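# A structural walkthrough
Next come the chains, spelled out residue by residue.
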Amino acid sequence: MKILKFGGTSTGSIEALKSLASIVQKSCEKILVVSALSGITDVLIASAKLASEGGDWQSKFVSIRERHYSMISALLKSQYRESATGEIKALLDELSSLLLGISLVQDLSPRTLDLVASYGERLSAALIARILSQAGLNAEVVDARKLIVTDDKFGAAHWLESETIPRVKSFFADFTHIAVVTGFITSTIEGVTTTLGRGGSDLTASILAACLGA
């Protein structure tokens, strides 16, 4: 078994996403870890900081929304476009409400920043799963927050082996779909969103590989 990991460059353009789908189609591997679209995490962090300072976070948010909608329009058709649009719109609505809340309280804790940053991978995974499904693959989004448990060091959390290994093994024991796993994001034992630090999608893939003997 191998874990396939696709970073921001591999998810950052229409051609890159087409190439990703082709690679997965030709592979027999069932688990891939994906990053946010290139540059999106930086925009998310900038949006949160602007919101906390009373700045124009809305324009940053619009750029995130339009980037994902343009990918949907270019890459998906019929029910796949409709399904992706619905899920991505729901995520964007959550993100908008979160950024509005930050702007109202004028405060940005490390915990809240991790939650904002988590939307990049959640959005890209929703898009990529639909692209793979349209290509005839039985793909499903897997939120890594349900699998990888960490401490509460927000922004650079450390994974807890004793909690994570049994979760990962149990989840994938009977999983028959192609798993599109969100990189970078994790959670505490209480379910609070954490992140593994910048470049953390590589670590997500490594953790899964260690747990599964891949």
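First, a word on scope: everything that follows refers to the structure included in this document. Model, not experiment: these values are computed from the prediction. (Residues numbered from 1 in each chain as written. Predicted model: local features only at pLDDT ≥ 70, side-chain atom pairs only at ≥ 80, totals over all residues. Heavy atoms only, no water.)

With that out of the way, let us pick up the packing of helix H2 (residues 40-52) against helix H5 (residues 110-117). Axis separation between H2 and H5 bottoms out at 9 Å; the angle between their running directions is 140°. Between H2 and H5, the interaxial angle falls into the category oblique. Between H2 and H5 the crossing geometry is right-handed. Here Leu 44, Ile 45 and Ala 48 of H2 lie close against H5, whose contacting residues are Leu 113, Val 116 and Ala 117. Here the contact of H2 with H5 is composed, by residue class, of six nonpolar, no polar and no charged. (Axes fitted to C-alpha atoms, helices over the stretch in contact; angles between N-to-C directions. Helix = DSSP H or I, 4+ residues; strand = E, 2+ residues; numbered from the N terminus. Parallel < 35°, antiparallel > 145°, perpendicular 65-115°, else oblique. Left-handed = near helix turned anticlockwise from the far one by under 90°. Contact = heavy atoms within 4.5 Å. Nonpolar A, V, L, I, M, F, W, Y, C, P; charged D, E, K, R; others polar.)

A word on the nonpolar core. Counting 43 residues, the largest nonpolar core has Leu 32, Leu 127, Leu 132 and Val 180 as the members making the most contacts within it. Those elements giving two or more residues to this core turn out to be strand E1 (3-6), helix H1 (14-26), strand E2 (31-34), H2, helix H3 (57-75), helix H4 (78-105), helix H6 (119-134) and strand E5 (178-182). With nine residues, H6 is the single largest residue contributor to this core. Sequence-distant contacts of Val 180, that is, excluding residues within four places in its chain, are made with Leu 32, Val 34, Ala 125, Ile 128, Ala 129, Leu 132, Ala 139, Glu 140, Val 141 and Val 142. In this structure, Leu 147, Ile 148, Phe 172 and Val 181 belong to the second largest nonpolar core, which totals 18 residues. (Core = buried A, V, L, I, M, F, W, Y, C linked by side-chain atoms within 4.5 Å. Buried < 20%, exposed > 50% of the residue type's maximum accessible area, 1.4 Å probe, protein only.)

Moving on to the layout of surface pockets. Approximately 220 Å³ is the volume found for the largest pocket. Lining the largest pocket we find 17 residues, and of these Ser 35, Thr 41, Glu 121, Arg 198 and Gly 199 sit closest to its centre. Secondary structure elements with two or more residues in the lining of the largest pocket: H2 and helix H8 (200-212). In the lining of the largest pocket, the residues fall into four nonpolar, eight polar and five charged. (1 Å grid on protein atoms, 1.4 Å probe; cavity = no way out; pocket = protein on both sides within 12 Å on 5 of 7 lines; lining within 4 Å. Points joined across faces, edges and corners; volume = space filled by probe spheres on them.)

The periodicity of an α-helix, 3.6 residues per turn, causes residues three or four positions apart to be oriented the same way. Those residues of H5 not exposed but buried are Asp 114, Val 116 and Ala 117. Seen from one end, H5 has its buried residues packed into an arc of 160°, which puts them on one side. Among the structural elements, H2, H4, H6 and strand E7 (193-195) are those in contact with the buried residues of H5. (Arc of directions from axis to C-beta.)

This next bit is on the pairing of E5. Across the five residues of E5, five count as buried, placing the element largely inside the fold. Judged by which residues are buried, E5 turns out to be covered on both faces: Ile 178, Val 180 and Thr 182 on one side and Ala 179 and Val 181 on the other are all buried. As judged from the four bridges shared by E2 and E5, these two strands associate in the parallel manner. Considered in E5, the bridge of Leu 32 is made with Val 180. As paired elements, strand E3 (residues 139-142) and E5 share four bridges and run parallel to each other. Residue pairing for E5: Val 141 is matched across the bridge by Val 180. (Pairing = 2+ DSSP bridges.)

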